[in-house]
Amino acid sequence: ATSPAYTYVDPGAAVITLSFTHAGERESECRRLTPEELAALAPNMRRPTDCPRGRVSLLVELELDGQALYSASLPPSGLAGDGVSAVYERFVVAPGRHRLTARLRDSRRQEGFDYLLEKDVELVPGQHLVIDFRAGTGGFKLL
């Protein structure tokens, strides 16, 4: 099972992987129910606020040296559109010094981005750089 040898990526190249899951904001704000609306509900269904389940799609962009590597609108998962959005993309790139830019919008805003990472990276042949995202720790992380 060891022959013939198989090489996944050219040993003289580097790989960048963009991989994460994240849930965008809710599509609309929660609203407080009026006393009349609460009274019309069954006792076990009475809660003070009504929060729609749907979430917004994530807008993700990745650039290397000013050239777009990836740009996508990632819809939320789940039958009700209330789950996380996921991305897993690999890019084979030339080793060397590069300017990496990653952007993400997870809100209802129409322009701009909520998270931004701009970083100079030095990639060596055979290196695998992973870009992760965790909103709770500040956004994009390079692993």
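All figures in this text were calculated on a predicted structure; none of them were measured in a lab.

Rules used in this analysis
- Residues numbered from 1 in each chain as written.
- Predicted model: local features only at pLDDT ≥ 70, side-chain atom pairs only at ≥ 80, totals over all residues.
- Heavy atoms only, no water.
- Helix = DSSP H or I, 4+ residues; strand = E, 2+ residues; numbered from the N terminus.
- Buried < 20%, exposed > 50% of the residue type's maximum accessible area, 1.4 Å probe, protein only.
- Polar contact = N/O pair within 3.5 Å; in protein donor to acceptor, adjacent residues only side chain to side chain.
- Contact = heavy atoms within 4.5 Å.
- Pairing = 2+ DSSP bridges.
- Axes fitted to C-alpha atoms, helices over the stretch in contact; angles between N-to-C directions.

Draft legend 1. Fine view of the side chain of Ser 107. Mapped onto the elements, Ser 107 comes out in the loop between strand E7 (96-105) and strand E8 (115-123). Classification of Ser 107 as buried rests on a relative accessible area of 12%. Among the polar contacts made by the side chain of Ser 107, one reaches the side chain of Asp 114 at a distance of 2.9 Å. Not counting the four nearest positions on each side in its chain, Ser 107 is found in contact with Glu 25, Val 56 and Asp 114.

Draft legend 2. Region of interest: the sheet that holds strand E10 (residues 139-142). A sheet is described by the order of its strands in space; here 4 strands give the open sequence E6-E1-E9-E10, paired in mixed fashion. The open sheet has two edge strands with one neighbour each: strand E6 (85-93) and E10. Put simply, the sheet's adjacent strands are angled 15 degrees from each other on average, direction ignored. Examined bridge by bridge, strand E1 (residues 14-22) and strand E9 (residues 128-134) share 4 bridges and lie parallel to one another. When the sheet's bridge partners are listed, Leu 18 is paired in E9 with Ile 131.

Draft legend 3. Highlighting the sheet that holds E7. Sheet architecture is open: 4 strands sit in the order E5-E4-E7-E8, paired in antiparallel fashion. Every interior strand has two partners, whereas the edge strands, strand E5 (67-74) and E8, have only one. Within the sheet, the average angular offset between the axes of one strand and its neighbour, ignoring direction, is 15 degrees. Here E7 pairs with E8 via 9 bridges, running antiparallel. Note on E8: the bridge partner recorded for Arg 97 is Glu 122.

Draft legend 4. Representation of the environment of Gly 138 within the structure. Residue placement: Gly 138 occurs in the loop between E9 and E10. With 21 residues separating them along the chain, Gly 138 and Leu 117 place their C-alpha atoms 10.0 Å apart.

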